[in-house]
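# Chain and residue survey
The lines below spell out each chain.
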Amino acid sequence: MQSGASSPQQIVDHLFRHESGKMIAVLTRIFGMHNLSLAEDVVQEAFLKAVQTWTFNQVPDNPSAWLMTVARNKALDIIRRQQHFQHLSGELAYHLQHAAEDTVRQLFLDTEITDSQLRMIFACCHPSLKEEDQIALTLKTVSGFGAAEIARALLTNEAVIQKRLYRARQFIKEEGIQLEIPLGPQLPPRLETVYTVLYLLFNEGYNSLKADELIREDLCMEAMRLCLLLSEHQVGKQPATFALLSLMCFQTSRFDSRIDENNSIVLLQNQDRSTWNKELIDMGYHYLRLSSAGERLTVYHVESAIAAEHCLAATFEETNWQRMRQLYDLLLEQKPMPVVLLNRAIVQAQLGKKATAIQEILAIPDIEKLLSSHYIYSAVLGDLYLQCGEPLLAQKHLTQACGLTTSQAERKLIQEKLGLINN
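Let me sum up the structure you'll find in this document. Computed from a prediction, not measured in an experiment: that's the story for all the values here. (Residues numbered from 1 in each chain as written. Predicted model: local features only at pLDDT ≥ 70, side-chain atom pairs only at ≥ 80, totals over all residues. Heavy atoms only, no water.)

Across its full length, the chain carries 21 helices and zero strands. Within the chain, the proportion of its 423 residues that are buried is 52%. Entry remark: accessible area of the chain is about 20100 Å², with carbon and sulfur atoms responsible for 50%. (Helix = DSSP H or I, 4+ residues; strand = E, 2+ residues; numbered from the N terminus. Buried < 20%, exposed > 50% of the residue type's maximum accessible area, 1.4 Å probe, protein only. Areas by Shrake-Rupley, 256 points an atom, 1.4 Å probe, with all protein chains shown as cover.)

Below is the structure:
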């Protein structure tokens, strides 16, 4: 038995993030996609039992295995009560009828859990579903996101996400969507949605909107785990998969240097590069090399190359900003979005063109709306005005940014900049 500083509830919450997706995938393989809600209910019961049992007893040595065993036994109970096995998984109906226990045990082996997870990812990204429903369902089902977290990741509200999840589940049930990995011409478009989901998942962890947590490492690790899972499967051994995995490795390598012991943000120019994880950087280069095998340049290739440039520079001052501007020009062709225009303007400022950078930000489409709704635009603009010696404009935008961010670390950094003006 194990004990420690974490409470049973904290351990359960952590395990839900890491294990619920695996459990739902295997149970859905047994019950069928049309019984997705049943699979989710079984998982909820297993975690509820864990909270109840572990509160009064010590946490088991292998809590993940404990949860899997509870879910497996509950699945067998449901199967034994079923009179018509075709109401469960069409794929496994015969085996469940004649050798239920052996079949279920087999599906709970590690190799089968991996296969079930990939099937679940691709099923959630079925092309007949709306893209926003695909993303919401995957984040909820595969990665254990709550509706509120999905809403933050997708910049919408919880009610919208609940509607998307309900719509997706109903469509799956009515259309008989299967838990399978597509082949042939159906594979490429499905892969694109999978990439989008993994990218969003990583970004939610890397720049969390939670008030007390700038970096949610568990979310980043989950995104990397699923991307690695995909890269090791025959259908996922694609240049874009490797490029996305490379990007994640480079970004994750800087975790330890982004926040100090007081939970304050350490800006890139002030980070101790000796703390950057060399092993992850090497992995980033490895996957970036693998990604070069294809002829198609994707967003993930360019973003990974940008991240690699930071890792190549021994110091912030030695960053090849001319090369960075070229890469952002390439990225704009692939991804003509406001945040890319903002980052390109930041590069312009590093090239000594601060006034140009301000004008480029002000020229971003719908900039007034962005300044009043997303803190990052006001924060960057305020910082640039501060550097250009325009304190009134700097104060206006930094104050606006401070009011918009939900991150305590971000607010603290902005308040420090406001302090420079007032002093």
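Back to the text.
To continue, consider the nonpolar core. Ranked by size, the top nonpolar core spans 107 residues in total, and within it Met120 and Leu244 carry the most contacts. The greatest single-element share of this core, amounting to eleven residues, is contributed by helix α9 (residues 187-206). Leu244 has contacts with Tyr195, Leu198, Tyr199, Cys227 and Tyr300, leaving out every residue within four places of it along the chain. The next biggest cluster of nonpolar side chains, apart from the first, holds 24 residues, and it includes Tyr375, Leu384, Ala401 and Ile421. (Core = buried A, V, L, I, M, F, W, Y, C linked by side-chain atoms within 4.5 Å. Contact = heavy atoms within 4.5 Å.)

For the rest of this paragraph, the subject is the pattern of salt bridges. As enumerated under the stated definition, the model contains 14 salt bridges in all. Residue Lys335 pairs with Glu303 through a salt bridge whose shortest N-O separation is 2.9 Å. Residue Lys335 is located in the loop between α15 (321-334) and α16 (338-350), and its partner Glu303 is located in helix α14 (residues 299-312); the two are separated by 32 residues in the primary sequence. Of the two residues, Lys335 and Glu303, both sit in the buried class. Here Arg323 and Glu309 are joined by a salt bridge, their closest N and O atoms 3.8 Å apart. Taken together, the positions of Arg323 in helix α15 and Glu309 in helix α14 put the pair 14 residues apart, joining distant regions of the chain. (Salt bridge = Lys/Arg side-chain N within 4 Å of Asp/Glu carboxyl O.)

Here we take up the packing of aromatic side chains. What characterises a pair of aromatic rings is the spacing of the ring centres plus the angle enclosed by the ring planes. The full count for this structure, using the stated rule, is nine aromatic pairs. Arranged with centres 5.8 Å apart and planes meeting at 65 degrees, the rings of Tyr195 and Tyr300 form a pair that is edge-to-face. Residue Tyr195 is found in helix α9, and its partner Tyr300 is found in helix α14; the two are separated by 105 residues along the sequence. Judged by relative accessible area, which is 9%, Tyr300 ranks as buried. Following the ring pairs from residue to residue traces out a cluster consisting of Tyr195, Tyr199 and Tyr300. If you follow Arg254 out to its NZ or CZ, it ends over the ring of Trp276, 5.6 Å from the centre. (Phe/Tyr/Trp six-rings, centres within 6.5 Å; stacked < 30°, edge-to-face > 60°. Lys NZ or Arg CZ within 6 Å of the ring centre and 35° of its normal.)

For α16, spanning 13 residues, the distance from its first C-alpha to its last is 19 Å, which sits close to the expected 18 Å at 1.5 Å a residue. All of the buried residues along α16 are Val340, Leu342, Arg344, Ala345, Val347, Gln348 and Ala349. Lining the buried residues of α16 we find α15, α17 (354-362) and α19 (375-387). Gly352, located one to two residues past α16, shows a positive phi value of around 90 degrees. (Expected span 1.5 Å × (residues − 1).)

Quick look at the environment of Leu404 now. Within the fold, Leu404 resides in helix α20 (residues 391-404). On the accessibility criterion, Leu404 (28% relative accessible area) is partly exposed.

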